[in-house]
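# A closer look at the structure
Read off the chains here:
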Amino acid sequence: MPNVQQSSIEIEQFVKALPKAELHLHLEGAVSAPTAIDLARKHGLATRDFEDASKAFHFPDLGAFLRAYDVICRSIVDAEDFHRVTYETLARCAASGARYVEFFFSPQPHLDNGVAYATMLDGITAGMRDAERDLRVHSRLIPAINRELGPAIAMKFLDFVLSDRREEVIGIGLDYDEAGHPPGPYAEVYRRAKNAGLHLTAHAGENGPPENVSASLDALGCERIDHGYHVVDDPALLSACRERATIFTVCPTTTTHTTTFRDLASPEHAIRRMSAAGLQLVINTDDPALFRTDLAKEYLLASQKLGFAPRQLGEIALNSLRGSWLDEGTKRRWISEWSSEINRLLSNVAGSPPGESGMNALGQA
């Protein structure tokens, strides 16, 4: 475990040392500004919108965010590029205490730019293997469907995924703008993916209604929900998700940019209400470079802004394993090992009340 020999550690040290998994991270949204600019120049793309790295990822609205995302996608062209952005992303995850990462990538914009799907996979999987060798961070890959393009394009997208099935590819996701693009029409795509042995998740309830959460669970058969904040608008659905122990991959910083829940300190913030209702949450970064965050910072925000106690953060770290798509044997073993490590960390957190020390039943799931 990390070196925490002192008698007391501050919360900043605790959240960084906490063993954790990241389940909601977009590769293209994790590319640093200097890397994006370097790759754009490598391929002769205009960088006038990014005068310097410090200003590159500042955007006032969602439209500006999506334009930046598009520039990043266009700048990642060959296998070497995909290797670089993958390795750098996983290195930053490891530096924040992530031991395991399941991350999305967006094949469609790269396909539209003439990049072969095999080229993407060659570079990404090589970066994953090298990061595991060098940094001991394990990872798996989730190709994500752009819901704005419709189910016919999504079915062709799935053809690519199934025709070049690598062991690192473990599921599919559904992302981009929910407005006007509910999950229901993708039911057949998801049925086919499930039959092929892929795991299933979808972005729902981020800026869409709670019905998108219920449809993702019932029509698509999703095993977990990405974001899901508007589940709090439907008490019956909230109760049902608690009963079925649905995992929600929440992203605190993202809510301050893309949702109506802008104030993390507000008692009405969705993540606070989801936690209070007993939902199973996992803290994630989403697009860490674009939102200038990392996994340790998100856990710190949960502590300092959302009011989560250290013991709650330990529970969430274990949820990140429970909600993962690791095989059950590995999952049980890691939960046991991480529980012991988290116990030791909790016993040293500065300012923790007596009831906060020790995990008690947290590691017994």
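Residues numbered from 1 in each chain as written. Predicted model: local features only at pLDDT ≥ 70, side-chain atom pairs only at ≥ 80, totals over all residues. Heavy atoms only, no water.

## Looking at the pattern of salt bridges
Taken as a whole and judged by the stated rule, the model has 19 salt bridges. Residue Asp218 is joined to Arg244 by a salt bridge in which the shortest nitrogen-to-oxygen separation is 3.4 Å. Highlighted residues: Asp218 in helix H10 (residues 210-218) and Arg244 in the loop between helix H11 (235-243) and strand E7 (247-250), separated in sequence by 26 residues. Given a relative accessible area of 58%, Asp218 falls into the exposed group. The network of salt bridges with shared partners includes Lys42, Asp78, Glu80 and Asp81. (Salt bridge = Lys/Arg side-chain N within 4 Å of Asp/Glu carboxyl O. Helix = DSSP H or I, 4+ residues; strand = E, 2+ residues; numbered from the N terminus. Buried < 20%, exposed > 50% of the residue type's maximum accessible area, 1.4 Å probe, protein only.)

## Some remarks on the packing of aromatic side chains
For the coordinates displayed, the defined rule picks out four aromatic pairs. Each ring, one from Phe105 and one from Tyr117, has its centre 6.3 Å from the other, and the planes form 20°; the classification is stacked. Here the residue Phe105 occupies a position in strand E2 (residues 98-105), and Tyr117 occupies one in helix H7 (residues 117-135), the gap between them amounting to 12 residues. Grouping residues by exposure puts Phe105 and Tyr117 together as buried. Between Trp334 and Trp338, the ring centres sit 6.2 Å apart and the planes meet at 10°, which makes this aromatic pair stacked. Of this pair, Trp334 and Trp338 both sit in helix H16 (residues 328-346), four residues apart, roughly one helical turn. In this structure Trp334 comes out as buried when scored by relative accessible area, which is 12%. The class of Trp338 is buried, set by a relative accessible area of 4%. The structure contains a cluster of three or more aromatic residues connected by ring pairs, namely Tyr100, Trp334 and Trp338. Over the ring of Tyr299 we find Lys20, and its NZ or CZ is 5.6 Å from the ring centre. Lying across the ring of Trp325, Arg224 places its NZ or CZ 3.9 Å from the centre. (Phe/Tyr/Trp six-rings, centres within 6.5 Å; stacked < 30°, edge-to-face > 60°. Lys NZ or Arg CZ within 6 Å of the ring centre and 35° of its normal.)

## Focus: unusual backbone geometry
One non-glycine residue, Tyr176, lies in positive phi territory at about 70°. The residue Tyr176 is located in the loop between strand E4 (171-175) and helix H9 (187-195) in this model. In this model, Ala245 sits at a positive phi of 55°, which is unusual for a non-glycine residue. Looking at where Ala245 falls in the secondary structure, it is placed in the loop between H11 and E7.

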